[in-house]
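Remarks on the overall topology
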Amino acid sequence: METRKRSPTLSSQFKRSLEMLMRTLSLFDRGLCVRQLRYSGMMETIRIRRAGYPIRYTFHEFVERYQALMPGEDLRGTCQQRLLAMLGKRGDWQIGKTKIFLKVVLRYLF
C-alpha cells in the first residue's frame, strides 16, 4: 500500500481554480461593473468593434502613417479628402470627431 499523496490532476486543478473564480465573481455588484464599463468607454469600444470598425486612428496618427499621400494643414479635412479619393464612399470607413474608423480589410490595403 502506497502512503505517498498523489499530486492533483490538471483537471482537478482547473476545476478548483474555476470554483474559486466563480466565488470571487459572485461578490461583484453587476450594476456597478456595467456602470464602470460604460464610464471607461469600453461599451462604446465594443459597439464600434461589433459594427466592424476595429481599427481607429486619430487624425494625427492617420496623417503620420499616410503622410506621403496627404499634403495640407487641416487634418480632418485632409484625411476625409484622401479617404474619399482612395476608397470612395464605400462603407468600409467612417470619420468621427477625432478619429478615423476603418474595417479590418482596409488596414492591409495600403
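Note: the structure precedes this text.
As a starting point, this report considers the structure included with it. (Residues numbered from 1 in each chain as written. Predicted model: local features only at pLDDT ≥ 70, side-chain atom pairs only at ≥ 80, totals over all residues. Heavy atoms only, no water.)

Quick look at the packing of aromatic side chains
Taken as a whole and judged by the stated rule, the model has 1 aromatic pair. Where Y57 meets F62, the ring centres are 6.3 Å apart and the plane angle is 55°; that geometry is what we call tilted. Its relative accessible area of 8% is what places Y57 among the buried residues. Look at F62 and you get buried, because its relative accessible area is 0%. The ring of Y53 carries the charged tip of K103 above its face, separated from the ring centre by 5.2 Å. (Phe/Tyr/Trp six-rings, centres within 6.5 Å; stacked < 30°, edge-to-face > 60°. Buried < 20%, exposed > 50% of the residue type's maximum accessible area, 1.4 Å probe, protein only. Lys NZ or Arg CZ within 6 Å of the ring centre and 35° of its normal.)

Notes on the pattern of salt bridges
Pairing of side chains with opposite charge becomes possible as their charged atoms draw close. Applying the stated criterion across every chain, the model contains 1 salt bridge. E44 is the salt-bridge partner of R47, the closest N and O atoms lying 2.6 Å from each other. Of this pair, R47 and E44 are both found in helix α3 (residues 42–50), 3 residues apart, which corresponds to roughly one turn of the helix. With a relative accessible area of 40%, E44 lands in the partly exposed category. (Salt bridge = Lys/Arg side-chain N within 4 Å of Asp/Glu carboxyl O. Helix = DSSP H or I, 4+ residues; strand = E, 2+ residues; numbered from the N terminus.)

Quick word on the nonpolar core
Core analysis: the largest hydrophobic core is formed by 12 residues, namely I55, Y57, F59, F62, V63, Y66, C79, L83, L87, W93, I100 and L102. Secondary-structure elements contributing two or more residues to this core are β1 (55–58), α4 (59–65), α5 (75–87) and β3 (99–102). (Core = buried A, V, L, I, M, F, W, Y, C linked by side-chain atoms within 4.5 Å.)

Honestly, it's all geometry; don't read function into it.
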